[in-house]
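Remarks on the overall topology
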Amino acid sequence: MSEDPVATVGGAVVAVAEVDEREARLRNGPRAAALPHPGTSEGRQLRRWLTQLIVTERVVDVEVAARGLRADNAPTESEVLPGVTARLEIGSVTAAALARPAARALFATVTAGVEISDDEIADYHARNPLRFATAIAGDHGWRTPALVGPPLEQVRSAVAEHLLGAARRRAFRDWLDARREALVRLAPGYEHPGDPRQPDNTHRH
């Protein structure tokens, strides 16, 4: 098993063996049947994705240590990523990294200053008047969508929570992208899965 690095994070080596171990863990897990075969284009993309996760975790660890953060009071995973849409917003690698309490503690610190204005809340409600409307109770337990949106004051807190969560995820994603750009160097063959310069990227226009 080669010990050539797949990447460095702040000069610290990420060895091939670490990617091998992560892949082996997945292939011995309950979802092994859903994984692409090793050596195929999709299999190499899986290894690139795992490399991204490893280097992201390393970047998080560097930042957590530098800031002296503790995970004791970190928000829960469901608070940071309340649903599928939130995971899509922030990206699969970052979403996976946020499974760790230390990463969520960092998320809370990095995004502590994010705010949403009253104008943003009012504008969102004007554009999406039914977004937080309560469904209408019908016969036999059925519920139908509301036809009229509630007044802003009735749903202000729900709109604010929704917008603030999205803004925090966007801010953390942008901040983490910048830190990865500064700290991470990837070896040939272990580029980002979406890098159009690598041969296994199948996203074409």
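Our structure's up above, just so we're on the same page.
For the structure given in this document, a descriptive report is provided here. Everything quoted here is computed from the prediction, not taken from an experiment. (Residues numbered from 1 in each chain as written. Predicted model: local features only at pLDDT ≥ 70, side-chain atom pairs only at ≥ 80, totals over all residues. Heavy atoms only, no water.)

Observations concerning the packing of helix α6 (residues 101-110) against helix α8 (residues 152-183)
The line we're drawing: Geometry is summarised by axes, namely lines fitted to C-alpha atoms with helices restricted to the contacting stretch, and by angles between N-to-C directions that run from 0 to 180 degrees. Numbered from the N terminus, helices here are DSSP runs of H or I no shorter than four residues, and strands are runs of E no shorter than two. An angle below 35 degrees is treated as roughly parallel, one above 145 as roughly antiparallel, one from 65 to 115 as roughly perpendicular, and anything else as oblique. Residues count as neighbours in contact if any of their non-hydrogen atoms are within 4.5 Å of one another.
α8 packs onto α6 with a crossing angle of 105 degrees between their chain directions and a minimal axis gap of 9 Å. As far as their axial angle goes, α8 and α6 are roughly perpendicular. Each of Ala103, Leu106, Phe107 and Val110 in α6 lies in contact with α8, whose residues at this interface are Arg168, Arg169, Phe172 and Trp175.

Observations regarding the packing of helix α2 (residues 41-67) against α8
The condition that has to hold: Polar here means any residue outside two lists: the nonpolar Ala, Val, Leu, Ile, Met, Phe, Trp, Tyr, Cys and Pro, and the charged Asp, Glu, Lys and Arg; Gly therefore counts as polar.
Between α2 and α8, the shortest axis-to-axis distance is 10 Å and the interhelical angle comes to 100 degrees. Classified by the interaxial angle, the pair formed by α2 and α8 is roughly perpendicular. Facing Thr56, Val59, Val62, Glu63 and Arg67 of α2, the residues of α8 in contact are Trp175, Leu176, Arg179, Arg180 and Leu183. Class assignment for the residues of the contact of α2 with α8 results in five nonpolar, one polar and four charged.

Quick notes on the sheet that holds strand β5 (residues 184-186)
What counts is decided by this rule: DSSP bridges decide pairing: two strands pair if at least two such bridges lie between them.
Reading across the sheet, the three strands line up as β2-β1-β5 and stay open at both edges, with antiparallel pairing between neighbours. Single-partner strands in this sheet number two, and they are β2 (12-15) and β5. The mean inter-strand angle of the sheet, taken between neighbouring strand axes irrespective of direction, is 25 degrees. Across four bridges, the pairing between strand β1 (residues 5-9) and β2 is antiparallel. Its bridge partner lying in β2, Ala7 is registered against Val14. Contacting β1 and β2, helix α1 (residues 16-27) runs over the sheet at an angle of about 45 degrees to β2.

Examining the nonpolar core
Put simply, the rule is: What makes a nonpolar core is a set of buried Ala, Val, Leu, Ile, Met, Phe, Trp, Tyr and Cys residues whose side-chain atoms join them at distances within 4.5 Å. Residue burial is assigned from relative accessible area. The probe radius is 1.4 Å, only protein chains are included, and a residue is buried under 20% of its type maximum, exposed over 50%, and partly exposed in between.
Grouped together as the largest cluster of nonpolar side chains are 28 residues, with contacts concentrated most on Val6, Val9, Val14, Leu81, Ile90, Leu98 and Phe172. Within the residue set of this core, elements represented by two or more residues are β1, α1, α2, α4 (84-90), α6 and α8. Element by element, the count of residues in this core is highest for α2, at seven residues. Not counting the four nearest positions on each side in its chain, Phe172 is found in contact with Ile90, Thr94, Leu98, Ala103, Leu106, Phe107, Val110 and Thr111. Listed in part, the six residues of the second largest apolar core include Tyr124, Val155, Val159 and Leu163.

Points about the side chain of Arg22
As for its placement among the helices and strands, Arg22 is situated in helix α1. By relative accessible area, Arg22 is classed as buried at 19%.

Comments concerning the packing of aromatic side chains
Filter applied, for reference: Pairing of aromatic rings covers Phe, Tyr and the six-membered ring of Trp, with a centre-to-centre limit of 6.5 Å; geometry is then stacked below 30 degrees between planes, edge-to-face above 60, and tilted otherwise. Distance and angle both matter: a charge sits over a ring if NZ of Lys or CZ of Arg is within 6 Å of the ring centre and within 35 degrees of the ring normal.
The final tally for this structure, using the stated rule, is two aromatic pairs. A ring pair is formed by Phe107 and Phe172, whose centres lie 5.1 Å apart and whose planes are at 55 degrees; its orientation type is tilted. Of the two residues, Phe107 is situated in helix α6 and Phe172 in helix α8; the sequence distance between them amounts to 65 residues. Each member of the pair, Phe107 together with Phe172, is buried. Ring centres of Phe172 and Trp175 lie 5.8 Å apart, and the angle between their planes is 25 degrees; this geometry places the pair in the stacked category. Placement of the pair is Phe172 and Trp175 together in helix α8, with a separation of three residues, close to one helical turn. Note on accessibility: Phe172 and Trp175 belong to one class, buried. For the cation-ring pair, Arg131 lies above Phe132, with the distance from its terminal atom to the ring centre recorded as 4.6 Å.

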